[in-house]
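Below are the chains, spelled out letter by letter.
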Amino acid sequence: MAAQYKTVDGAQVGVLMGSASDWETMSKCSATLKKLGIAHECNAISAHRNAERLAAYIEDAEKRGVEVFICAAGGAAHLAGVVASMTGLPVLACPMAGWSLDGLDSLLSMVQMPKGVPVATFAIGSHGAVNAALFAAAILGLSDDRVKAAWRDFRAKQSAAVQELPED
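Residues numbered from 1 in each chain as written. Predicted model: local features only at pLDDT ≥ 70, side-chain atom pairs only at ≥ 80, totals over all residues. Heavy atoms only, no water.

By size, the foremost hydrophobic cluster in this structure holds 25 residues, and its most contacted members are Val13, Val15, Met26, Cys29, Leu33, Ile38 and Ile70. When residues of this core are traced back to their parent elements, those giving at least two are β1 (13-17), α1 (23-35), β3 (68-73), β4 (91-95), α5 (126-140) and α6 (145-160). Top element by residues in this core is α5. It accounts for seven residues. If we ignore the near neighbours within four places in the chain, the residues touching Ile38 are Gln12, Val13, Leu33, Ala137, Leu140 and Val147. Within the second largest apolar cluster, 22 residues are counted, among which are Tyr5, Phe69, Cys71 and Ala84. (Core = buried A, V, L, I, M, F, W, Y, C linked by side-chain atoms within 4.5 Å. Buried < 20%, exposed > 50% of the residue type's maximum accessible area, 1.4 Å probe, protein only. Helix = DSSP H or I, 4+ residues; strand = E, 2+ residues; numbered from the N terminus. Contact = heavy atoms within 4.5 Å.)

This next bit is on the packing of α1 against α5. For the pair α1 and α5, interaxial distance at closest approach is 8 Å and the crossing angle is 30°. Here α1 is positioned roughly parallel relative to α5, judged by the angle of their axes. The handedness of the crossing between α1 and α5 comes out as right-handed. Contact residues: Thr25, Met26, Lys28, Cys29, Thr32 and Leu33 in α1; Ser126, Ala129, Val130, Ala133 and Leu134 in α5. Partitioned by chemical class, the residues of the contact of α1 with α5 number seven nonpolar, three polar and one charged. (Axes fitted to C-alpha atoms, helices over the stretch in contact; angles between N-to-C directions. Parallel < 35°, antiparallel > 145°, perpendicular 65-115°, else oblique. Left-handed = near helix turned anticlockwise from the far one by under 90°. Nonpolar A, V, L, I, M, F, W, Y, C, P; charged D, E, K, R; others polar.)

A few words on the packing of aromatic side chains. Following the criterion strictly, the structure yields four aromatic pairs and no others. With centroids separated by 5.1 Å and ring planes inclined at 80°, the aromatic side chains of Tyr5 and Tyr57 adopt a geometry described as edge-to-face. Here Tyr57 lies in helix α2 (residues 51-64) and Tyr5 lies in the segment before β1, a separation of 52 residues in the sequence. One exposure class covers both Tyr5 and Tyr57, and it is buried. One aromatic cluster is present, built from ring pairs that chain together Tyr5, Tyr57 and Phe69. (Phe/Tyr/Trp six-rings, centres within 6.5 Å; stacked < 30°, edge-to-face > 60°.)

Attention now goes to the pattern of salt bridges. For the structure shown, the criterion picks out four salt bridges. Here Lys63 and Glu59 are joined by a salt bridge, their closest N and O atoms 3.1 Å apart. Taken together, the residues span about one helical turn, with Lys63 and Glu59 both in helix α2 at a distance of four residues. We classify Lys63 as exposed; its relative accessible area is 65%. When its relative accessible area of 48% is taken as the criterion, Glu59 is described as partly exposed. Ionic pairing is found between Asp60 and Arg64, a salt bridge with its closest N-O pair at 2.9 Å. Residue Asp60 and its partner Arg64 are located together in helix α2, separated by four residues, close to a single helical turn. Asp60 gets classed as partly exposed once you look at its relative accessible area, which sits at 23%. With a relative accessible area of 29%, Arg64 lands in the partly exposed category. Within the structure, one salt-bridge network assembled from shared partners comprises Glu41, Asp60 and Arg64. (Salt bridge = Lys/Arg side-chain N within 4 Å of Asp/Glu carboxyl O.)

What follows is the structure in structure tokens.
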């Protein structure tokens, strides 16, 4: 059976969304990874509707060298937890603001993982999507000097951009 998902040669991060509607937010995650020079791949694979495809993707991604998964979902938001149940790699969760409770339901679902199935959960929406990308960079930077340098450069530029208060 041919793969039913997109792959990128050398991808270090697998960005997964429960639905294509999550792309508007997760495109900011992808843009941040791209800005840091981190190869990644993005796919919409529902934990509920595409369980077999998700399992195949996780297995294949690990074999191809993906080191971190970033998972975005709304509503019941099971994607990150299901991925974490299938891998020992870091899983970062991005709750999506959606049709119910403005994403609070998703956030609570993601942070209430059972003991033994860790998922690092970020803020609802685009701030969480960007921070998940930055956290992935911090993780990858532990063993990849190129990513570490890009991460440190980002942090230095961010610090330099903080403006001082004007003198009275």
